[in-house]
Amino acid sequence: MEFWDVLDTNGNKTGKIIERGELFTKDEYHLVVHVWLKNSNNEFLISKRTPNKTFPNMWDTVGGSAIAGESSIIAAVREVEEEIGLKLNKNDGHLITRLKRNIYAVNDFVDVWIFLCEAKISELIYKPDEVNDAKWADKDTIKDMIKRGIMVDVYTYIEEVFNYVP
């Protein structure tokens, strides 16, 4: 079972906790993180989703829901370690933007994080029910993958990630 903090329309915790899968009201939200890992070659680490996930077999960035009690940065670090086995230092994360979305069955706020990282693909450990591949890709490759429909296309903020300079 996974539990989420319920956020209000301004992104503040309400004190209410809900089990994943329970219904939210129209004014309730939960927190999601997207984590972009960028190397010194201006490439981004992307991973391929397993067939059992939403957006099956598509390329994506690491991300997921914050669990009850977690801060955004702790959720970002946890998701990366869970999905690809990479341990990040929370102090190295940079919050790029926060989005408020009302487009899915459950409303959410998405915090977009970026970490500078030089991980080797061969050293990653994939969570079997989440990820089955990973690679480094530059922004033109990512844009092309989105255009060809082989990468998830929910990144309305993608140019902010591509243009991020530490």
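Refer to the structure printed above.
The following refers to the structure shown. (Residues numbered from 1 in each chain as written. Predicted model: local features only at pLDDT ≥ 70, side-chain atom pairs only at ≥ 80, totals over all residues. Heavy atoms only, no water.)

### What about the packing of aromatic side chains?
Two numbers describe a pair of aromatic rings. These are the distance of the centres and the angle of the planes. Filter applied, for reference: Stacked, tilted and edge-to-face pairs are distinguished by plane angle, under 30 degrees for stacked and over 60 for edge-to-face with tilted covering the rest, among Phe, Tyr and Trp rings (Trp via its six-membered ring) whose centres lie within 6.5 Å. Think of it this way: any DSSP run of H or I at least four residues long counts as a helix, any run of E at least two long counts as a strand, and we number them from the N terminus. Only protein chains enter the calculation, and the probe is 1.4 Å; a residue is then buried if its accessible area is under 20% of its type maximum, exposed if over 50%, and partly exposed in between.
Under the defined criterion, the tally for this structure stands at six aromatic pairs. Both rings, one in W36 and one in Y155, keep their centres 5.1 Å apart while their planes meet at 75°; by these two values the pair is edge-to-face. With W36 in strand β3 (residues 30–38) and Y155 in the loop between α2 (139–147) and α3 (158–162), this residue pair connects regions lying 119 residues apart in the sequence. You'll find W36 and Y155 in the same group, each marked buried. An angle of 65° between the planes, with centres 5.8 Å apart, marks the rings of Y155 and Y157 as edge-to-face. Classification of Y155 by relative accessible area gives buried; the value is 5%. Counting every residue linked through ring pairs, the aromatic cluster contains W36, F44, Y155, Y157 and F162.

### Topic: the pattern of salt bridges
How we decide: A pair is scored as a salt bridge if a Lys or Arg side-chain nitrogen falls within 4 Å of a carboxyl oxygen belonging to Asp or Glu.
Scanning all chains against the criterion turns up 15 salt bridges. Note that R98 is salt-bridged to D111, the shortest N-O span being 2.6 Å. With R98 in strand β7 (residues 94–101) and D111 in strand β8 (residues 108–116), this pair connects stretches of sequence that are 13 residues apart. In this structure D111 comes out as buried when scored by relative accessible area, which is 3%. When the shortest N-O distance is used, the salt bridge between E159 and K143 registers 3.1 Å. Taken together, the positions of E159 in helix α3 and K143 in helix α2 put the pair 16 residues apart, joining distant regions of the chain. According to the relative accessible area criterion, K143 is partly exposed, its value standing at 35%. The network of salt bridges with shared partners includes E70, R78, E79 and E82.

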